[in-house]
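Survey of secondary and tertiary structure
If you want the building blocks of each chain, they are given just below.
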Amino acid sequence: SEAARRELSFDKKDQSWPYRMLGCAALERQDDSKAIEFYQNSLRISPNDIESWLGLGEAYFSVGRLESSSKVFDHVMEVDPENWYAQYLNAVVQAELGDYQDSVTKLRALHYSKKDELCVITSLYETLISKVGYEITSGFIGRSLDTSLEAFEFIFLAHSMNESSQKLWKSLSDLLKLFLHVQKHISKIPFQKINAMIEKTVLSNSESHVV
(Lines give C-alpha, C1' and ligand atoms only; values in the text may rest on other atoms or scores of the structure.)
Protein backbone atom coordinates (compact mmCIF):
# COMPACT_ATOMS: atom_id res chain seq x y z
CA SER A 1 0.00 0.00 0.00
CA GLU A 2 1.03 3.64 -0.33
CA ALA A 3 1.16 3.97 3.45
CA ALA A 4 3.59 1.03 3.61
CA ARG A 5 5.72 2.52 0.83
CA ARG A 6 5.95 5.84 2.68
CA GLU A 7 6.87 3.99 5.86
CA LEU A 8 9.64 2.12 4.05
CA SER A 9 11.10 5.39 2.76
CA PHE A 10 11.91 6.63 6.27
CA ASP A 11 15.51 6.58 7.40
CA LYS A 12 15.60 3.54 9.67
CA LYS A 13 18.32 1.18 10.74
CA ASP A 14 17.09 -1.72 8.63
CA GLN A 15 14.79 -0.42 5.92
CA SER A 16 15.11 -3.54 3.79
CA TRP A 17 13.67 -6.06 6.26
CA PRO A 18 10.01 -5.84 5.06
CA TYR A 19 11.04 -6.70 1.51
CA ARG A 20 13.32 -9.45 2.82
CA MET A 21 10.45 -10.94 4.83
CA LEU A 22 8.12 -10.71 1.82
CA GLY A 23 10.79 -12.50 -0.21
CA CYS A 24 10.96 -15.28 2.39
CA ALA A 25 7.18 -15.62 2.35
CA ALA A 26 7.14 -15.78 -1.45
CA LEU A 27 9.80 -18.51 -1.39
CA GLU A 28 7.75 -20.47 1.14
CA ARG A 29 4.70 -20.45 -1.11
CA GLN A 30 6.91 -21.20 -4.16
CA ASP A 31 6.16 -17.88 -5.85
CA ASP A 32 9.77 -17.63 -6.97
CA SER A 33 9.34 -14.79 -9.48
CA LYS A 34 7.77 -12.61 -6.80
CA ALA A 35 10.53 -13.60 -4.37
CA ILE A 36 13.15 -12.39 -6.86
CA GLU A 37 11.33 -9.04 -7.13
CA PHE A 38 11.14 -8.61 -3.35
CA TYR A 39 14.78 -9.54 -2.77
CA GLN A 40 15.92 -7.19 -5.54
CA ASN A 41 13.92 -4.39 -3.90
CA SER A 42 15.55 -5.24 -0.58
CA LEU A 43 19.02 -5.07 -2.13
CA ARG A 44 18.31 -1.71 -3.77
CA ILE A 45 17.75 -0.36 -0.27
CA SER A 46 20.50 -2.35 1.48
CA PRO A 47 23.08 -3.60 -1.06
CA ASN A 48 25.11 -5.33 1.66
CA ASP A 49 22.24 -7.36 3.14
CA ILE A 50 23.66 -10.90 3.07
CA GLU A 51 20.32 -12.55 3.89
CA SER A 52 18.68 -10.89 0.90
CA TRP A 53 21.53 -12.01 -1.36
CA LEU A 54 21.09 -15.58 -0.11
CA GLY A 55 17.35 -15.41 -0.69
CA LEU A 56 17.86 -14.02 -4.18
CA GLY A 57 20.26 -16.85 -4.99
CA GLU A 58 17.76 -19.43 -3.76
CA ALA A 59 14.98 -17.84 -5.81
CA TYR A 60 17.15 -17.84 -8.94
CA PHE A 61 17.92 -21.50 -8.30
CA SER A 62 14.24 -22.35 -7.91
CA VAL A 63 13.33 -20.84 -11.30
CA GLY A 64 16.25 -22.59 -13.02
CA ARG A 65 18.52 -19.57 -13.44
CA LEU A 66 21.50 -21.59 -12.29
CA GLU A 67 24.28 -19.35 -13.63
CA SER A 68 22.73 -16.30 -11.96
CA SER A 69 22.30 -18.26 -8.75
CA SER A 70 25.94 -19.35 -8.78
CA LYS A 71 27.11 -15.75 -9.31
CA VAL A 72 25.03 -14.58 -6.36
CA PHE A 73 26.51 -17.20 -4.03
CA ASP A 74 30.01 -16.40 -5.31
CA HIS A 75 29.35 -12.78 -4.40
CA VAL A 76 28.19 -13.72 -0.89
CA MET A 77 31.34 -15.77 -0.33
CA GLU A 78 33.50 -12.86 -1.47
CA VAL A 79 31.80 -10.58 1.06
CA ASP A 80 31.49 -13.20 3.80
CA PRO A 81 33.97 -16.06 3.21
CA GLU A 82 32.86 -17.86 6.40
CA ASN A 83 29.22 -18.07 5.35
CA TRP A 84 28.78 -21.85 5.26
CA TYR A 85 25.23 -21.71 3.92
CA ALA A 86 26.39 -19.83 0.81
CA GLN A 87 29.14 -22.44 0.36
CA TYR A 88 26.53 -25.19 0.66
CA LEU A 89 24.10 -23.63 -1.81
CA ASN A 90 26.91 -22.92 -4.25
CA ALA A 91 27.88 -26.60 -4.19
CA VAL A 92 24.24 -27.60 -4.78
CA VAL A 93 24.10 -25.33 -7.82
CA GLN A 94 27.33 -26.83 -9.19
CA ALA A 95 25.77 -30.29 -8.95
CA GLU A 96 22.71 -29.10 -10.88
CA LEU A 97 25.04 -27.70 -13.53
CA GLY A 98 26.59 -31.17 -13.87
CA ASP A 99 29.93 -30.26 -12.27
CA TYR A 100 29.73 -33.17 -9.85
CA GLN A 101 33.40 -33.30 -8.92
CA ASP A 102 33.56 -29.64 -7.95
CA SER A 103 30.32 -29.98 -5.99
CA VAL A 104 31.52 -33.09 -4.12
CA THR A 105 34.85 -31.43 -3.30
CA LYS A 106 33.09 -28.39 -1.82
CA LEU A 107 30.59 -30.51 0.11
CA ARG A 108 33.33 -32.73 1.55
CA ALA A 109 35.22 -29.67 2.78
CA LEU A 110 32.04 -28.26 4.28
CA HIS A 111 31.19 -31.56 5.95
CA TYR A 112 34.63 -31.56 7.58
CA SER A 113 33.70 -28.38 9.49
CA LYS A 114 29.94 -29.03 9.76
CA LYS A 115 29.71 -32.68 10.82
CA ASP A 116 26.14 -32.47 12.10
CA GLU A 117 24.53 -30.60 9.20
CA LEU A 118 22.17 -33.15 7.67
CA CYS A 119 21.51 -31.00 4.61
CA VAL A 120 25.22 -31.18 3.71
CA ILE A 121 25.32 -34.96 4.16
CA THR A 122 22.13 -35.38 2.12
CA SER A 123 23.48 -33.27 -0.73
CA LEU A 124 26.72 -35.25 -0.58
CA TYR A 125 25.13 -38.64 -1.14
CA GLU A 126 22.70 -37.26 -3.74
CA THR A 127 25.53 -35.64 -5.71
CA LEU A 128 27.70 -38.75 -5.41
CA ILE A 129 24.84 -40.87 -6.80
CA SER A 130 24.45 -38.48 -9.74
CA LYS A 131 28.21 -38.74 -10.24
CA VAL A 132 27.95 -42.56 -10.27
CA GLY A 133 25.37 -42.39 -13.06
CA TYR A 134 27.57 -40.02 -15.05
CA GLU A 135 30.65 -42.21 -14.58
CA ILE A 136 28.84 -45.38 -15.67
CA THR A 137 27.41 -43.80 -18.83
CA SER A 138 30.81 -42.26 -19.60
CA GLY A 139 32.61 -45.61 -19.28
CA PHE A 140 34.48 -44.84 -16.04
CA ILE A 141 33.37 -48.13 -14.48
CA GLY A 142 36.22 -48.53 -11.99
CA ARG A 143 35.85 -44.97 -10.79
CA SER A 144 32.10 -45.44 -10.35
CA LEU A 145 32.70 -48.18 -7.76
CA ASP A 146 34.71 -45.87 -5.48
CA THR A 147 32.08 -43.15 -5.84
CA SER A 148 29.30 -45.64 -5.06
CA LEU A 149 30.98 -46.89 -1.90
CA GLU A 150 31.45 -43.33 -0.68
CA ALA A 151 27.77 -42.61 -1.38
CA PHE A 152 26.81 -45.65 0.72
CA GLU A 153 28.84 -44.36 3.66
CA PHE A 154 27.10 -40.99 3.63
CA ILE A 155 23.70 -42.70 3.34
CA PHE A 156 24.55 -44.78 6.42
CA LEU A 157 25.65 -41.64 8.25
CA ALA A 158 22.45 -39.80 7.32
CA HIS A 159 20.38 -42.79 8.45
CA SER A 160 21.99 -42.65 11.87
CA MET A 161 20.70 -39.06 12.13
CA ASN A 162 17.27 -39.47 10.55
CA GLU A 163 15.92 -42.97 9.94
CA SER A 164 12.61 -41.93 8.41
CA SER A 165 13.84 -39.69 5.60
CA GLN A 166 12.02 -40.62 2.39
CA LYS A 167 14.76 -38.92 0.41
CA LEU A 168 17.33 -41.24 1.98
CA TRP A 169 15.44 -44.44 1.12
CA LYS A 170 14.81 -43.28 -2.44
CA SER A 171 18.50 -42.47 -2.84
CA LEU A 172 19.47 -45.89 -1.52
CA SER A 173 17.13 -47.45 -4.10
CA ASP A 174 18.63 -45.33 -6.88
CA LEU A 175 22.14 -46.31 -5.89
CA LEU A 176 21.31 -50.03 -5.82
CA LYS A 177 19.72 -49.75 -9.28
CA LEU A 178 22.92 -48.20 -10.61
CA PHE A 179 24.93 -51.07 -9.12
CA LEU A 180 22.89 -53.52 -11.19
CA HIS A 181 24.26 -51.94 -14.37
CA VAL A 182 27.73 -53.30 -13.50
CA GLN A 183 27.38 -56.94 -12.46
CA LYS A 184 30.97 -57.36 -11.33
CA HIS A 185 30.38 -54.64 -8.72
CA ILE A 186 27.36 -56.33 -7.11
CA SER A 187 29.54 -58.35 -4.72
CA LYS A 188 30.90 -55.06 -3.38
CA ILE A 189 27.50 -53.91 -2.12
CA PRO A 190 27.69 -53.56 1.71
CA PHE A 191 24.72 -55.88 2.29
CA GLN A 192 25.40 -56.30 6.02
CA LYS A 193 25.22 -52.57 6.68
CA ILE A 194 22.12 -52.22 4.52
CA ASN A 195 20.41 -55.08 6.36
CA ALA A 196 21.36 -53.57 9.72
CA MET A 197 19.98 -50.24 8.57
CA ILE A 198 16.66 -51.82 7.53
CA GLU A 199 16.38 -53.86 10.73
CA LYS A 200 17.04 -50.81 12.88
CA THR A 201 14.32 -48.84 11.09
CA VAL A 202 11.80 -51.69 11.31
CA LEU A 203 12.55 -52.10 15.03
CA SER A 204 12.20 -48.38 15.69
CA ASN A 205 8.86 -48.28 13.87
CA SER A 206 7.62 -51.31 15.82
CA GLU A 207 8.60 -49.74 19.13
CA SER A 208 6.88 -46.48 18.24
CA HIS A 209 3.66 -48.34 17.43
CA VAL A 210 3.81 -50.19 20.74
CA VAL A 211 4.25 -46.92 22.62
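Below: a short report on this structure.

Parameters and conventions
Residues numbered from 1 in each chain as written. Predicted model: local features only at pLDDT ≥ 70, side-chain atom pairs only at ≥ 80, totals over all residues. Heavy atoms only, no water. Axes fitted to C-alpha atoms, helices over the stretch in contact; angles between N-to-C directions. Helix = DSSP H or I, 4+ residues; strand = E, 2+ residues; numbered from the N terminus. Parallel < 35°, antiparallel > 145°, perpendicular 65-115°, else oblique. Left-handed = near helix turned anticlockwise from the far one by under 90°. Contact = heavy atoms within 4.5 Å. Nonpolar A, V, L, I, M, F, W, Y, C, P; charged D, E, K, R; others polar. Buried < 20%, exposed > 50% of the residue type's maximum accessible area, 1.4 Å probe, protein only. 1 Å grid on protein atoms, 1.4 Å probe; cavity = no way out; pocket = protein on both sides within 12 Å on 5 of 7 lines; lining within 4 Å. Points joined across faces, edges and corners; volume = space filled by probe spheres on them. Expected span 1.5 Å × (residues − 1).

The geometry of a pair of packed helices is captured by two quantities: the angle between their axes and the separation between those axes. Running from N to C, helix α9 (residues 141–161) and helix α10 (residues 166–179) cross one another at 160°; their axes reach a closest spacing of 11 Å. Here α9 lies roughly antiparallel to α10, going by the angle between them. Considering only the axes of α9 and α10, their crossing is left-handed. Contacts between α9 and α10 pair Leu 145, Ser 148, Ala 151, Phe 152, Ile 155, Ala 158 and His 159 from the former with Leu 168, Trp 169, Ser 171, Leu 172, Leu 175, Leu 176 and Phe 179 from the latter. Partitioned by chemical class, the residues of the contact of α9 with α10 number 11 nonpolar, 3 polar and no charged.

As for its position among the elements, His 185 is in the loop between α10 and α11 (191–210). You can call His 185 buried: its relative accessible area is 7%. Leave out the neighbours within four places in its chain, and His 185 touches Ile 141, Ser 144, Leu 145 and Phe 179.

Quick look at empty space enclosed by the protein now. If you walk through the whole model with that rule in mind, you get 1 cavity of 30 Å³ or more. By volume, the largest cavity is sized at about 40 Å³. Lining the largest cavity are Val 132, Ile 136, Ser 144, Leu 145, Ser 148, Leu 178, Phe 179, Val 182 and His 185. Counting only elements with at least two residues in the lining of the largest cavity, the list comes to α8 (118–137), α9 and α10. By residue number, the principal contributor to the lining of the largest cavity is α9, which donates 3 residues. Taken together, the residues that form the lining of the largest cavity break down as 6 nonpolar, 3 polar and no charged.

The next subject is α8. Residues separated by three or four positions in an α-helix point in the same direction, a consequence of the helix having 3.6 residues per turn. The end-to-end C-alpha distance of α8, which contains 20 residues, comes to 29 Å, matching closely the 28 Å that a straight helix rising 1.5 Å per residue would cover. Most of α8 is tucked away: 14 of the 20 residues are buried. Where α8 terminates, the next one or two residues include Gly 139, which has phi positive at roughly 90°.

So, on to the layout of surface pockets. The calculated volume of the largest pocket comes to roughly 360 Å³. Residue lining of the largest pocket: 18 residues in total, with Leu 27, Leu 54, Glu 58, Tyr 85 and Leu 89 positioned closest to the centre. Looking at the lining of the largest pocket, the elements with two or more residues in it are α2 (17–28), α4 (50–62) and α6 (84–96). Among the elements that take part in the lining of the largest pocket, α4 stands out by supplying 7 residues, more than any other. Looking at side-chain class alone, the lining of the largest pocket contains 11 nonpolar, 3 polar and 4 charged residues. If you add up the space inside the second largest pocket, you get close to 280 Å³. Elements that contribute at least two residues to the lining of the second largest pocket include exactly α6, α8 and α10. Of all the elements, α8 adds the most residues to the lining of the second largest pocket, at 8 residues. Among the residues forming the lining of the second largest pocket, the class breakdown is 10 nonpolar, 6 polar and 3 charged.

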